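Coordinates in review
Okay, here's what each chain looks like letter by letter:
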Amino acid sequence: MRLAVFASGNGSNFQAIAESIQMDKYADLVVLVCDKQCYALERAKALGIPSFVLDKSKKREEYEQDVTKVLDFYGVEFIALAGYMNIIGSTLLDAYDGRIVNIHPSLLPKYRGLDALERAYENKDSEIGITIHYVDKGIDTGKIITQESIRNNGESLEKLEERIHALEHKLYIKTLKGLLK
Ligand code: GRF
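Here's a quick rundown of the structure.

The rules behind these values
All chains use their own residue numbering, which begins from 1 and follows the written sequence. Only residues with pLDDT of at least 70 are given local features in this predicted model, and only at 80 or more are side-chain atom pairs given and counted; all residues enter the totals for whole chains, interfaces and linings. Side-chain metrics in this entry use all non-hydrogen atoms of the structure; hydrogen atoms and water are not considered. We count a stretch as a helix when DSSP gives it H or I for four or more residues in a row; a strand needs E for two or more, and each element gets its number in order from the N terminus. The classification of residues rests on relative accessible area computed with a 1.4 Å probe and restricted to protein chains. Under 20% of the type maximum is buried, over 50% is exposed, and intermediate values are partly exposed. For the purposes of these results, a polar contact is taken to be a pair of N or O atoms within 3.5 Å, where, inside protein, one atom must be able to donate a hydrogen and its partner to accept one; residues adjacent in sequence count only when each atom of the pair is a side-chain atom. By definition, residues are in contact when any of their heavy atoms lie within 4.5 Å. We define proximity as follows: a residue is near a molecule or strand when any one of its heavy atoms falls within 4 Å of that partner. Accessibility throughout is a Shrake-Rupley quantity obtained with a 1.4 Å probe, and a residue counts as covered only by protein chains that appear here. Under the scheme applied here, ten amino acids are nonpolar (Ala, Val, Leu, Ile, Met, Phe, Trp, Tyr, Cys and Pro), four are charged (Asp, Glu, Lys and Arg), and all others, including Gly, are polar.

**Details of the side chain of Thr-175**
Position of Thr-175 among the secondary structure elements: in helix α6 (residues 157-180). Thr-175 gets classed as buried once you look at its relative accessible area, which sits at 10%. Separated by 2.6 Å, the side chain of Thr-175 and the backbone oxygen of Leu-171 make a polar contact. With residues near it in sequence (within four places) discarded, Thr-175 still touches Ile-132, Ile-145 and Thr-146.

**Here we look at the site of the ligand**
Taken together, Asn-10, Gly-11, Ser-12, Asn-13, Gly-83, Ile-103, His-104, Pro-105, His-165 and Glu-168 are the residues near the ligand. Measuring from an oxygen atom of the ligand, one finds a backbone N or O atom of Gly-11 at 2.8 Å. Residue Ser-12 places a side-chain N or O atom 2.6 Å away from an oxygen atom belonging to the ligand. Calculation on the ligand without its partners gives an accessible area of 370 Å², and the protein chains cover 84% of this total. Going through the elements one at a time, α1 (12-24), β5 (100-104) and α6 are the ones with two or more residues in the shell around the ligand. Looking at side-chain class alone, the shell around the ligand contains two nonpolar, seven polar and one charged residues.

As structure tokens, then:
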């Protein structure tokens, strides 16, 4: 299965996925798509994976048509969002119906949208977790595939973020392996 990862930021999930695919060959990671300059692009370069930054200052439909051209060129069959800070519009949803997944740092349906982990931390939730879900037209509303959580030991937000990221990498790899094999 030919996979594209979409990212907007640091790209640690992208790198974890890329390395696991290079090792276990359960899919072909053919391209990284970004909506802005970000560190994920550096990671792609180091990993030898083609990457694109597309200009999202245009209308969503036009932007997504540009994205689709890249995806068509690489024969992409499945998309994993990993810190991609954009709503997916109907152009991509129609083209990839049921074949776009996202990772979100909360136990959905709790804390949809931005700053999910920060909100769970502020609320002193005793269980803090992550969700991998299919993408639909809402914000973090698609069908849940899997969730995992850790106990909040009252540590700092930074420490919690570290643990959540480690959990994300593990669960995203495991889930993609299951979906793409
Ligand atoms: C992750 O916490 C993910 O859950 C959220 O954005 C973050 C991306 O982190 N959607 P990274 O860019 O993969 O390091």
